[in-house]
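# What the coordinates show
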Amino acid sequence: MNEVRALVETAIEAAALASQVCRSVQQRTVLKGVDQAKTGDEPVTIADYASQALILRAIAARFPRVAILSEEASSHLRDQQSAESLEEVRALVADVLGERVGHETLCDWIDHQGDRSNPLCLAIDPIDGTKGFLRREQYAIAVGVLDRGEPVGGVLACPNLPVDGERPDGPRGAIFHAVKGEGAFQRPLDLKGGDRRIRVAPTTDPAKVRVLCSVESSHGDPRVITDLIAELRFGGGPVRIDSQVKYAVLARGGAEVYLRPRSKPSWRDNVWDHAAGVAIAREAGGRATDQDGARLDFSCAQRLENNRGVLTTNSALHDSIVDALRRIESRA
Ligand code: AMP
Ligand code: MG
């Protein structure tokens, strides 16, 4: 097994455990963010910290030198006012592992960074789409593998996604994964079953094209989506889903386009919001660039500094969408 595949398999196991924690937190009657005032716009919950701890515990044990780029840090949890949250996170992690875990060990896992100079890097979002998680809708546990800034592997655990896109009321929970050159796959969330190979939908008939976008309108200018749908007469409509679950849906043929227009001139997308999804969508036959058709540059550490928005498609539609976006903008 090559190193990227071994990393992906370790991430799959950890993400499956993290999914159990997320589901148990989501079943609580009161679901709230921790220290929201301190962390700015984006909410963070005890499940975000527990998920990151579980993923980095597994990675630190098997791949201690791989560089880590991850969304959360334990600093807020270590504050005196957060003692209750810290204890809740510790109990969640100890419970799912079935072993004793101390506060210090927990914080060390959350803060594990590996060797920052290693060209192999994991981009981790322990709960991508925390707003969807709080609404009890879609969210993903995301681990992307970057080699010198190129996405070469990805894992997306999607605990709330219907296993079969054709049966929206059927059972939920799937893990999507890919390694460059090996294809993209869907595995049961409980890991009790094999992989199913997934492919993007070859659809080019405009009447049938579905466009994935954020639920949160502040995460990507919704006018650009509406204008694109009108310009190319796409008939499948916008499909609003939180998090990188959008990439999983596209990769298994549940939609043809995921457009994330830059939300405001100053915004640069986080690497951990795209690395896993892009790796999986590409291995499923998709194409990913920015909204101008330029190569995605994951090499700038935390953010896609050199890109404007992100556009992922089933490949077949890509060039015509980039052209249409250019026309729309030139008219504005
Ligand atoms: P989504 O669920 O697709 O709307 O994306 C969730 C991600 O949006 C979060 O993980 C944030 O990193 C990211 N995000 C937060 N604020 C913004 C913003 N103003 N523009 C674009 N993305 C954002
Ligand atoms: Mg995120």
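To start, this report covers the structure provided alongside it.

Cut-off values and rules
- Residues numbered from 1 in each chain as written.
- Chains lettered and ligands numbered in written order.
- Predicted model: local features only at pLDDT ≥ 70, side-chain atom pairs only at ≥ 80, totals over all residues.
- Heavy atoms only, no water.
- Helix = DSSP H or I, 4+ residues; strand = E, 2+ residues; numbered from the N terminus.
- Contact = heavy atoms within 4.5 Å.
- Core = buried A, V, L, I, M, F, W, Y, C linked by side-chain atoms within 4.5 Å.
- Buried < 20%, exposed > 50% of the residue type's maximum accessible area, 1.4 Å probe, protein only.
- Pairing = 2+ DSSP bridges.
- Axes fitted to C-alpha atoms, helices over the stretch in contact; angles between N-to-C directions.
- Parallel < 35°, antiparallel > 145°, perpendicular 65-115°, else oblique.
- Left-handed = near helix turned anticlockwise from the far one by under 90°.
- Nonpolar A, V, L, I, M, F, W, Y, C, P; charged D, E, K, R; others polar.
- Donors = N, O, S within 2.8 Å, 3.2 Å for Na, K, Ca; no water.
- Near = heavy atom within 4 Å.
- Polar contact = N/O pair within 3.5 Å; in protein donor to acceptor, adjacent residues only side chain to side chain.
- Areas by Shrake-Rupley, 256 points an atom, 1.4 Å probe, with all protein chains shown as cover.
- Salt bridge = Lys/Arg side-chain N within 4 Å of Asp/Glu carboxyl O.

The next thing to look at is the environment of S263. Along the chain, S263 falls in the loop between strand 10 (257-260) and helix 10 (275-283). Counting along the chain gives 45 residues from S263 to R308, while the straight-line C-alpha distance between them is 9.4 Å. For S263, the contacting residues outside a window of four places in its chain are S218, H219, G220 and D221.

Quick look at the nonpolar core now. Ranked by internal contacts, the top residues of the largest apolar core, which has 54 residues, are L7, V89, V93, L106, L122, V145 and V155. At the level of elements, helix 1 (3-26), helix 3 (46-62), helix 5 (83-97), helix 6 (103-111), strand 2 (120-128), strand 3 (140-147), strand 4 (150-162) and strand 5 (172-179) are the ones that each hand at least two residues to this core. The biggest single contributor to this core is helix 1, with 13 residues. Residues A123, C158, V200 and I280 belong to the second largest nonpolar core, which totals 39 residues.

This brings us to the sheet that holds strand 11 (residues 287-289). The mixed open sheet is built from five strands, whose spatial order is 9-8-10-12-11. Two strands close off the open sheet at either side, each with one partner strand: strand 9 (238-240) and strand 11. Taking the axes of each pair of neighbouring strands and ignoring which way they run, one obtains an average angle of 20° across the sheet.

With that settled, the discussion passes to the packing of helix 8 (residues 222-231) against helix 11 (residues 318-331). Running from N to C, helix 8 and helix 11 point in directions that differ by 115°, and their axes come no closer than 10 Å. Of the possible angle classes, the one that applies to helix 8 and helix 11 is roughly perpendicular. In this structure, helix 8 meets helix 11 at a crossing whose hand is right-handed. Residue-level inspection shows V224, D227, L228 and E231 of helix 8 in contact with helix 11, the latter providing I321, A324, L325, R327, I328 and R331. Residue classes in the contact of helix 8 with helix 11 are distributed as six nonpolar, no polar and four charged.

Take the coordination of the magnesium ion (ligand 2) next. Six octahedrally arranged donors around a metal ideally form angles of 90 or 180 degrees; four tetrahedrally arranged donors ideally form angles of 109.5 degrees. Bound to the magnesium ion (ligand 2) are the protein donor atoms D125 (OD), D128 (OD) and D273 (OD), situated 1.9 to 2.3 Å from the metal. Given a relative accessible area of 7%, D128 falls into the buried group.

Not every one of the 14 residues close to ligand 1 is listed here, only the nearest: H219, S243, K246, S263 and D273. A distance of 3.4 Å is found between a nitrogen atom of ligand 1 and a backbone nitrogen or oxygen belonging to S218. At 2.6 Å, a backbone N or O of S243 approaches an oxygen atom of ligand 1. Expressed as a share of its isolated accessible area of 500 Å², the protein-covered part of ligand 1 is 93%. Taken together, the residues of the shell around ligand 1 break down into one nonpolar, six polar and seven charged.

Where charged atoms of side chains with opposite charge meet at close range, the side chains can pair. Going through the model one piece at a time under the given rule, you end up with 24 salt bridges. Between R187 and E9 there is a salt bridge whose closest N-O contact spans 3.0 Å. Taken as a pair, R187 in strand 6 (residues 184-188) and E9 in helix 1 lie far apart in primary sequence, 178 residues in all. Each of the two residues, R187 as well as E9, counts as buried. One salt bridge connects R135 with D242, and the closest N-O pair in it is separated by 2.7 Å. Of this pair, R135 sits in the loop between helix 7 (130-134) and strand 3 while D242 sits in the loop between strand 9 and helix 9 (245-251); the two residues are 107 residues apart in sequence, bridging distant segments of the chain. The exposure class of R135 is partly exposed, given its relative accessible area of 30%. Each member of the salt-bridge network shares a partner with another, and the members are R5, E9, E182, R187 and D195.

The strand order across the open sheet formed by seven strands is 1-2-3-4-5-6-7, and the pairing between neighbours is mixed. Every interior strand has two partners, whereas the edge strands, strand 1 (67-70) and strand 7 (196-198), have only one. Between one strand axis and the next, the sheet turns through 20° on average, direction left out of account. In the sheet, strand 5 pairs with strand 6 via five bridges, with the strands oriented antiparallel. By the bridge assignment for strand 6, H177 is matched with F185. Relative to the sheet, helix 1 contacts strand 2, strand 3, strand 4, strand 5 and strand 6, its axis offset from that of strand 4 by approximately 25°. Together, strand 2, strand 3, strand 4, strand 5, strand 6 and strand 7 form the strand contacts of helix 10, whose direction differs from that of strand 4 by roughly 95°.

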